[in-house]
Amino acid sequence: FARTNMGARLSTNSSVNVRVMYGFSFILQVVQSLAQSQYLDEYIFKVAEGISPHHGNLVVGTLESIAGVTKLLVAFPIGCVVDWRPASRTRLAWVALGLGCPTVVIGVLAILSGRLWMLTIMQVAFVIFAEFASCLAMAIFTDSLASRSLDQRTAAFANVQVFQNLGTALGSGIYGLTLLSFQAPEDWTGFKTKSALLAGFALLVPVMLSLFTFRQAQKESKDLPGEQPEIQTEIKTGRAWVPYVVLLALLILALAAGMVFKFFPLFFINIYGMSVVQISVVQAIEPLVKACFTYLVGVCAPVVGRAEATSLCMVGVIGCLLGLSIQREEGTHLLSSLALFMFRGSLAQASFALAWAILMDCVPASQRGRWSSSCTVLNMSWSGAAVIAGELLDKHGYQYTFCIAAGLCAVALVVFSPLLLLKLQRLPSEPVEVSPNANAQSGAAEVVVVVDPFSTGGFLAAELLSQGCAVIALWTKESNIRYHDYPKIFDPRQLLAELDEEPTVEATAARLREVVDSVSGSLAAVICGGDSGVNAADALSEALDLRGNGGGHGNRRDKLVQHQALEAAGLRFARTVSGTTWEQVAAFAETEQYPLVVKPIESAGADGFKLCDSMDEAREHFDFLNSSDRWCGAQGRGVLLQEFLEGTEYIVDHVSCDGVHKTTMLWMYDFQEVNGHRVCIAQRPVPCDSSAMAELVAYTRQCLNALGVRNGATHTEVMWTSGGPCLVEVNCRCQGGTGFWVPLCRKMTGYSQVDAVIGAYLRQEAFDALPNTPTFLMFGDIIHLISYEERLITDTAMPGLEAVRGLSSFTDVALNVELDKMMCKTTDWNTLIGVVALCHPDPAVLAAHTCLIRSMETSGSFV
């Protein structure tokens, strides 16, 4: 499908996970409304009354309390399991499947038998499964909202409640229609009730399956991450106590809810004499009212403030409960009681959604599983209140119980009130300056397809738009596990269209021609934007008869294919083997010297890379990679083992046009020992005029020829060993890092790799005018910012950052820290604080500024 002149497309992982969470919440709530909730309560009530009259409420409350105790016992262990490996949370769907299948079987047997002890076991099994599944889903869902704005996150949490209510309405409606289909009056322990309960447990199967459709949430970039949107849009509170206050207030609210909610159907049945069908109608309408009200509150909350909106909802709940408490128990005022009942539920759910959004915004990502499991504490208070309320109802009636519940809500409001005193301040965001792109609206002379335009690919798309081209963003199947993200410099509303790859190359090419023809344009080029688009860009350029590399040299992303091509060409290559099972690589692992490199056969940046010191460590990491997702394709493609190349690592950036290779920049990685780990602390531009660097460049170009690279950008990693240069890998796209390095290159050489690749595809005369290797006009450096401590980021003022911005050499900065999130000690690429680019005509000034930044790191004054 195509979306022309649309707003920014959310990341695939984020948008998919949000949709899955909505669906998961919807189906699980259908299950709750059929197999749990009031229908099961009335079923248990009647079964208990048949055994011991006048103790039905007590039995219902007792079973509810047993369920709550079970949740309390398993909640924290489940939260720890979910948080154990945050990067592999999606794999825990298999655990949920193992818990859910026995739950379905036990539920069917318990309902058919009608025995209280079996119903008790059923409740225990159900709550364990539901707790695990809900905790897992909520953790992944919250992770997926990290890159969204405050308003979007608030709305998303509110929408979860909306879909839960829609599920309740559907389940209640199905139950009511089932009852209406029979002529005879329904017995709560009869066939129709059991059928509804059994149908509910059968729906646990799609609940389990939905967990397998979650995708692992990742940060925006694993290359050199840019500044996170949350730095600019997060609520600035600086209060570590906020989650605890919110949780306490929610706990008290849950206690109040537990005293009344479970008994409302019994209230209308016993006091007002409502029939089974009437109860079903009420149960179908009430969640629809809740859904509408919660949605409206989610929209309005960012305007009035989340804390303020939550408090107003609590006040409304108190008023409704007091109103219910003055209704006569003789059965009058039915309509007013129903209205108060529905508004009380709507206000209570809205307050929970808003408060929960505040709580989850203020906890570290690594603890979201445990905080999600804190819902169990709420359920425990709910369940503990149920048994107390059952006793109160049997002795004192409904009016007395409603007054007690209103008092508890008042206490919750007092506990929550300190949040109203906080100055909730939205941090300013930098506006994106965009100019209207006429090409997206009328005939365009040149249309360029950028395949998977994430990271620097998005920067490339923005540059093409600025030069008057119309741009189509094409997202490949492999990018489905990658964010559809764009750098801040790029406004995707200017795109001519945004397409998803079709099942075949021919179909994708036809779709591209259709879009180009619709604006009477001419298709000028297909350019790879990100790693996952390499093979698709090659295949499409060949199918469309455009400049490219074609598909005759196999999968250029496959690192094993790369080294086999070097071996065939007689070039120095690294000993390499790959496989999808350990048996396929075991012989190599047994004979090769250690340390040994283990990494995905396809990946980008340092994703999945590990230097292993023993065969056991190598096998463990092999198994991990073979069963986990990569952030840039390569699922199920295999794992690569490679000899460790000892030496200095260089990056050689090239752009090629019809087999002519031109070097746009040569970089050296500066690896040092940091916090007990080997960490790259800088990426240094290196002149190409020495004999050694000339040999390095010549070897790299031989590698490109061996791989059949004739056109486009390449980002090649080469190790200078004691025996000379040896390839690590070739990445057939521009350097990553969201184009952060482009301004530095332009200052130092007058152009960048992005400029050169546009010239190679569209302006050959400009490409021909470029030098064979760059000549430095200034001195530059990219500093990788190191963290020597672990602490919570509670402020984004960052005086050290402001000092760096004031340096005469300052060029650009990209940060990898988030407000109210833990900043870890730097141990690898992904735990860097960020990167700073410096450029100056005087090398002494550049060195002094570098020393200043390093001193800020060690003193902890940068952030």
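Residues numbered from 1 in each chain as written. Predicted model: local features only at pLDDT ≥ 70, side-chain atom pairs only at ≥ 80, totals over all residues. Heavy atoms only, no water.

Student: Go over the overall build of the protein, please, and point to the residues and values.
Tutor: A tally of helices and strands in the protein yields 29 helices and 20 strands. Put simply, the protein has 863 residues, and 59% of those count as buried. Counting only contacts in the protein whose residues sit at least 6 apart along the sequence, the fraction spanning at least 24 positions is 77%. (Helix = DSSP H or I, 4+ residues; strand = E, 2+ residues; numbered from the N terminus. Buried < 20%, exposed > 50% of the residue type's maximum accessible area, 1.4 Å probe, protein only. Contact = heavy atoms within 4.5 Å.)

Student: Break down the sheet that holds strand β16 (residues 779-785) for me, citing the residues and quoting the values.
Tutor: Strand order in the open sheet made by the eight strands is β15-β14-β11-β12-β13-β16-β20-β18, with antiparallel pairing throughout. Every interior strand has two partners, whereas the edge strands, β15 (724-731) and β18 (810-815), have only one. Neighbour-to-neighbour, the strand axes of the sheet open up by a mean angle of 25°, direction not taken into account. Pairing analysis gives nine bridges linking strand β11 (residues 648-657) to strand β14 (residues 712-721), with the strands arranged antiparallel. Looking at β14, one finds that Tyr 650 is bridged to Val 718. (Pairing = 2+ DSSP bridges. Axes fitted to C-alpha atoms, helices over the stretch in contact; angles between N-to-C directions.)

Student: Before we move on, can you summarise helix α19 (residues 505-518) with the specific residues and values?
Tutor: Its 14 residues place the ends of α19 20 Å apart at the C-alpha level, agreeing with the 20 Å of an ideal helix rising 1.5 Å per residue. Turning to α19, its buried residues are Thr 508, Ala 509, Leu 512, Val 515 and Val 516. With its buried residues spanning 125° around the axis, α19 presents them on a single face. Residues Glu 506, Asp 517 and Ser 518 are exposed on α19 and point more than 90 degrees away from its buried face. Its buried side turned inward, α19 meets β3 (447-451), β4 (470-475), β5 (497-500), β6 (523-528) and α20 (534-543). Downstream of α19 by a residue or two, Ser 520 has a phi angle that is positive, lying close to 55°. (Expected span 1.5 Å × (residues − 1). Arc of directions from axis to C-beta.)

Student: An account of the pattern of salt bridges is needed here, citing residue identities and associated values.
Tutor: As a working rule, side chains carrying opposite charge can pair if their charged atoms are close by. Overall, the coordinates contain 16 salt bridges when judged by the stated rule. Between Lys 610 and Glu 617 there is a salt bridge, with its nearest N and O atoms 3.4 Å apart. Overall, the relative accessible area of 22% leaves Glu 617 in the partly exposed class. Sharing partners across several salt bridges, the network here consists of Arg 572, Arg 575, Glu 592 and Glu 643. (Salt bridge = Lys/Arg side-chain N within 4 Å of Asp/Glu carboxyl O.)

Student: Explain helix α4 (residues 93-113) to me, using residue names and the numbers behind them.
Tutor: For α4, built from 21 residues, the straight-helix expectation of 30 Å at 1.5 Å per residue is met to within 8% by its first-to-last C-alpha distance of 30 Å. Of all the residues in α4, the buried ones are Ala 93, Ala 96, Gly 100, Thr 103, Val 104, Gly 107, Ala 110 and Ile 111. For α4, the angular spread of buried residues about the axis comes to 145°, placing them on one side. One or two positions beyond α4, positive phi appears at Gly 114, with a value near 70°.

Student: Please provide a residue-by-residue account of the nonpolar core, values included.
Tutor: Among the nonpolar cores identified, the biggest contains 89 residues, and Phe 141, Val 246 and Phe 416 are the most heavily contacted of them. At 15 residues, helix α5 (residues 116-144) tops the list of elements feeding residues into this core. Apart from residues lying up to four places away in sequence, Phe 141 is in contact with Asn 17, Val 18, Met 21, Tyr 22, Ala 156, Phe 157 and Val 160. Val 674, Met 748, Tyr 751 and Leu 762 belong to the second largest nonpolar core, which has 54 residues in total. (Core = buried A, V, L, I, M, F, W, Y, C linked by side-chain atoms within 4.5 Å.)

Student: Give a detailed account of the sheet that holds strand β9 (residues 610-612), specifying residues and quantitative values.
Tutor: Within the open sheet, the four strands sit side by side as β7-β10-β8-β9. Their pairing is antiparallel. Two strands bound the open sheet, and with one partner strand each, they are β7 (576-579) and β9. Adjacent strand axes in the sheet meet at a mean angle of 25°, parallel and antiparallel pairs treated alike. Both β7 and strand β10 (residues 639-643) contribute to a ladder of four bridges, which runs antiparallel. Bridge pairing in β10 places Thr 576 opposite Gln 642. Each of β7, β8 (596-600) and β10 is contacted by helix α22 (residues 582-591), which is oriented at about 160° to β7, the strand it contacts most.

Student: Describe the side chain of Thr 700, with residues and values.
Tutor: Along the chain, the position of Thr 700 falls in helix α24 (residues 691-706). Residue class for Thr 700 comes out buried when judged on its relative accessible area of 0%. With sequence-adjacent residues up to four places away left out, Thr 700 is seen in contact with Val 652, His 654, Thr 716 and Val 718.

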